[in-house]
Amino acid sequence: MVAHVKTVAFEGVDTTEVDVQVQIAPGLPAFTVVGLPDKAVGESRERVRAAIHALGLSLPPKKIIVNLAPADLIKEGSHFDLPIALAVLVAMQVLAQDEVDRYVALGELALDGALLPVSGILPAAIGANAAGRGIICPAECGAEALWAGDIDVLAPATLLALINHCKGVQVLSPPEKSLDEAARHLPDMKDIRGQETARRALEIAAAGGHNLLMIGPPGAGKSLLASSMPGILPPMEPEEMLEVSMIASVAGMISDGKLSRHRPYREPHHSTSLAAMVGGGRRAAPGEISLAHNGVLFLDELPEFPRAVLESLRQPLESGRITVARANSHVTYPANVQLVAAMNPCRCGYLDDAGRACGKAPRCAVEYQSKISGPLLDRIDLTLEVPALDTLDMLNREPGEPSHVIAARVGAARQHQRQRFTKLGVQFRTNADVTGELLQHFAPARAEAKALLEQATENFRLSMRGYTRVLRVARTIADLEGSEGVEKHHIAEAVSYRQAPLMNNAKVA
């Protein structure tokens, strides 16, 4: 007799069904796991042996063979413990085969038979639901599995509780779906005094999902502006929340099965490696750019990041996804992020302050800013200077608009975009996503607006990508005003954000 239990292997946020087959045959006592298991899967035989012993049972003194099919797919992770244990119990005739046929099983076993949480429950549950099966997972993961839809979820705390449920001795309590309602303590826009131009650019970026680069001296408020961005972004729609949660689930970042409607906000340090940014490692795990999917990726001190890390952002910023290719894996993760970056104009930071600038100015500015390549800059929609302000003058200023007021305007602008996309029958979510023929709906209708756009394209030698991004930003500015068409002043403001002031003015004397 060969026992069968279904589980999954992960390929990014996608899953591949794995058939765990167990045969107990005559021969010298042995417990063998085959089918390209990694170290964690190979060690599962000891955890399974101990967990079954904790039930008061012992493995038969025979040859136990565990095959993980398909055999040419690498199996990674501790979540294979539970399906292997269930298949062994079926082969020992402790459980009936039909009691586990309708489920996909995932879970790590403790030595006392307790089920420990594992990552990837949400994508596994979605895959099981699509195949018409339920899922068996640890109790701490049950709430997470419920987000997969109308699915039968068994979430026992121990292996013994699962066996008793299958035999009808006890009934497992169904898990309950829950959201993470904890408030995030974020900086409020009212704390930013002055910097009206930067505040305006931040609002436009939030409304349209545009990439933003702020250039200014230390203490000008760039980091405070960026950290205030999540407070003016609208909560995620259910579809966005599911996409983000699948990535978080694979990364093991969901706590107590609670999903959040807050958009991700990731701010990796400038010492971040290439694999940490784009994803990779032994298991091709998601990187920072995927963990920020549908949210904000803030890169402070942009030129301090390694050149290879910055250049790796070019493709995902354009396509909204990142493909991690390794010798033994080829994984694609979603990476539709809003890039917010900040940098000093030069290494010392005080390029325009004659009393504080270093002796190498302005040559040091050219060298420092040249670390940011032209192709990467071309993918940034709004670039602006954040000047230093007098401290005493800022202390005497009135507080600015609070975040909730700005968030209301951002939400209204995004509602205009959703209505437009619905009428056009497309699935885009923000103006920053629009491509192809749909851009004709963003083009200005009035002759004077068209003339200004053509003049700016010629004078500033905009690439086709730059031209497209100016149109997108202009459409967002119009949406913030509730304007049906793109007017001349919308084009003018969008073009003003397209030029990098310090990049152009940092000339070598």
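Residues numbered from 1 in each chain as written. Predicted model: local features only at pLDDT ≥ 70, side-chain atom pairs only at ≥ 80, totals over all residues. Heavy atoms only, no water.

Undergrad: What exactly am I supposed to notice about unusual backbone geometry here?
TA: Most peptide bonds take the trans form, and the phi angle of most residues other than glycine is negative. Here Ala69 and Pro70 are connected by a cis peptide whose omega angle stands at 5°. The topology assignment puts Pro70 in the loop between strand S4 (63-69) and helix H3 (81-91). The phi angle at Gln195 is positive, at roughly 50°, despite the residue not being glycine. Tracing the sequence through the fold places Gln195 in the loop between helix H6 (159-166) and helix H7 (196-208). (Helix = DSSP H or I, 4+ residues; strand = E, 2+ residues; numbered from the N terminus.)

Undergrad: Looking at this model, I keep getting lost on helix H4 (residues 121-130). Mind explaining?
TA: Since the α-helix packs 3.6 residues into each turn, any two residues three or four apart lie on the same face. Turning to H4, its buried residues number three or more, namely Ile121, Leu122, Pro123, Ala124, Ala125 and Ala128. Looking at the buried positions of H4, the neighbouring elements they touch are strand S1 (2-11), strand S2 (14-25), strand S5 (103-105), strand S8 (134-136), helix H5 (142-145) and helix H9 (238-250). Trailing H4 by a residue or two, Gly132 shows a phi angle of about 80°, which is positive. (Buried < 20%, exposed > 50% of the residue type's maximum accessible area, 1.4 Å probe, protein only. Contact = heavy atoms within 4.5 Å.)

Undergrad: Mind showing me how you'd approach the layout of surface pockets here?
TA: Computed from the structure, the largest pocket encloses a volume of approximately 1100 Å³. Lining of the largest pocket is provided by 44 residues; of these, Asn336, Phe428, Arg429, Thr430 and Asp433 occupy positions nearest its centre. For the lining of the largest pocket, the elements supplying multiple residues, two or more each, are H9, helix H13 (314-319), helix H17 (403-424) and helix H19 (464-481). A per-class count over the lining of the largest pocket returns 13 nonpolar, 15 polar and 16 charged. (1 Å grid on protein atoms, 1.4 Å probe; cavity = no way out; pocket = protein on both sides within 12 Å on 5 of 7 lines; lining within 4 Å. Points joined across faces, edges and corners; volume = space filled by probe spheres on them. Nonpolar A, V, L, I, M, F, W, Y, C, P; charged D, E, K, R; others polar.)

Undergrad: What should I look at first to understand the confidence of the model for the protein chain in this one?
TA: Note: predicted coordinates in regions of low pLDDT should not be interpreted at a detailed level. For the protein chain, the mean per-residue pLDDT works out to 90, and 96% of the residues sit at or above 70. Across the protein chain, S5 holds the top mean pLDDT of 98, while helix H21 (residues 501-505) sits lowest at 46. In the model, residues 502-509 has pLDDT below 50 throughout and makes 19 contacts with residues more than four positions away in sequence or in other chains. (pLDDT = per-residue confidence, 0-100.)

Undergrad: How should I be thinking about the sheet that holds strand S17 (residues 338-343) in this particular structure?
TA: Think of a sheet as strands paired side by side through backbone hydrogen bonds, with each pair either parallel or antiparallel. Strand order across the open sheet formed by five strands is S11-S14-S17-S10-S18, with parallel pairing between neighbours. Each end of this open sheet is capped by a strand with a single partner; those strands are strand S11 (265-266) and strand S18 (382-385). Of the pairings in the sheet, the one linking strand S14 (residues 296-299) to S17 comprises four bridges and is parallel in character. Each bridged residue has a counterpart across the sheet, and for Leu299 the counterpart in S17 is Ala341. Lying on the sheet, H7 is in contact with strand S10 (212-215), S17 and S18; it crosses S18 at an angle near 165°. (Pairing = 2+ DSSP bridges. Axes fitted to C-alpha atoms, helices over the stretch in contact; angles between N-to-C directions.)

Undergrad: Explain the state of the cysteines to me, please; I cannot follow it from the model alone.
TA: The bond known as a disulfide is covalent and runs between the sulfur atoms of two cysteines. Enumeration according to the criterion identifies zero disulfides in this entry. With no disulfide partner, Cys137 has as its closest neighbouring cysteine sulfur the one in Cys141, 5.6 Å distant. Cys137 sits in the buried class, given a relative accessible area of 0%. Cysteine Cys348 shares no disulfide, and the gap to the nearest cysteine sulfur, in Cys346, comes to 3.5 Å. (Disulfide = S-S within 2.5 Å.)

Undergrad: Help me out: how do you make sense of the side chain of Ser227 in this one?
TA: With respect to the helices, strands and loops of the structure, Ser227 is situated in helix H8 (residues 222-228). Note on Ser227: relative accessible area 17%, which makes it buried.

Undergrad: Teacher, can you tell me more about the nonpolar core here?
TA: In a soluble, globular protein the nonpolar side chains are often hidden away together inside. The biggest cluster of nonpolar side chains holds 43 residues, and the ones touching the most others in it are Leu212, Met214, Met229, Val340 and Leu382. In terms of residues, this core owes the most to one element, H7, which gives seven residues. The residues contacting Leu382, other than those within four sequence positions of it, are Ala201, Ile204, Ala205, His210, Asn211, Leu212, Leu213, Val473 and Tyr497. In this structure, Ala105, Ala161, Ile163 and Leu172 belong to the second largest nonpolar core, which totals 42 residues. (Core = buried A, V, L, I, M, F, W, Y, C linked by side-chain atoms within 4.5 Å.)

Undergrad: Before we go on, may I ask you to explain the environment of Glu304 in this structure?
TA: Along the chain, Glu304 falls in the loop between S14 and helix H12 (307-311). Glu304 sits 34 residues away from His270 along the chain, and the two C-alpha atoms are 5.9 Å apart.

Undergrad: Sorry, what's going on with the side chain of Asn211 here?
TA: Summarising the element assignment, Asn211 is placed in the loop between H7 and S10. Since its relative accessible area comes to 5%, Asn211 is described here as buried. If we skip the residues at most four places from it in the chain, Asn211 touches Leu317, Val337, Gln338, Leu339, Arg379, Ile380, Asp381, Leu382 and Arg469.

Undergrad: Even after reading the chapter, I still don't get the packing of helix H18 (residues 447-459) against helix H20 (residues 488-496), so can you show me in this structure?
TA: Two numbers describe a pair of packed helices, the interaxial angle and the distance between the axes. Two elements in contact, H18 and H20, have axes separated by 8 Å at closest approach and are oriented at 20°. Taken together, the axes of H18 and H20 are roughly parallel relative to one another. When the axes of H18 and H20 are compared, the crossing they make is right-handed. Listed contacts from H20 to Glu448, Ala449, Leu452, Leu453 and Ala456 of H18 are Lys488, Ile491, Ala492 and Val495. Within the contact of H18 with H20, the residues separate by chemical class into seven nonpolar, no polar and two charged. (Parallel < 35°, antiparallel > 145°, perpendicular 65-115°, else oblique. Left-handed = near helix turned anticlockwise from the far one by under 90°.)

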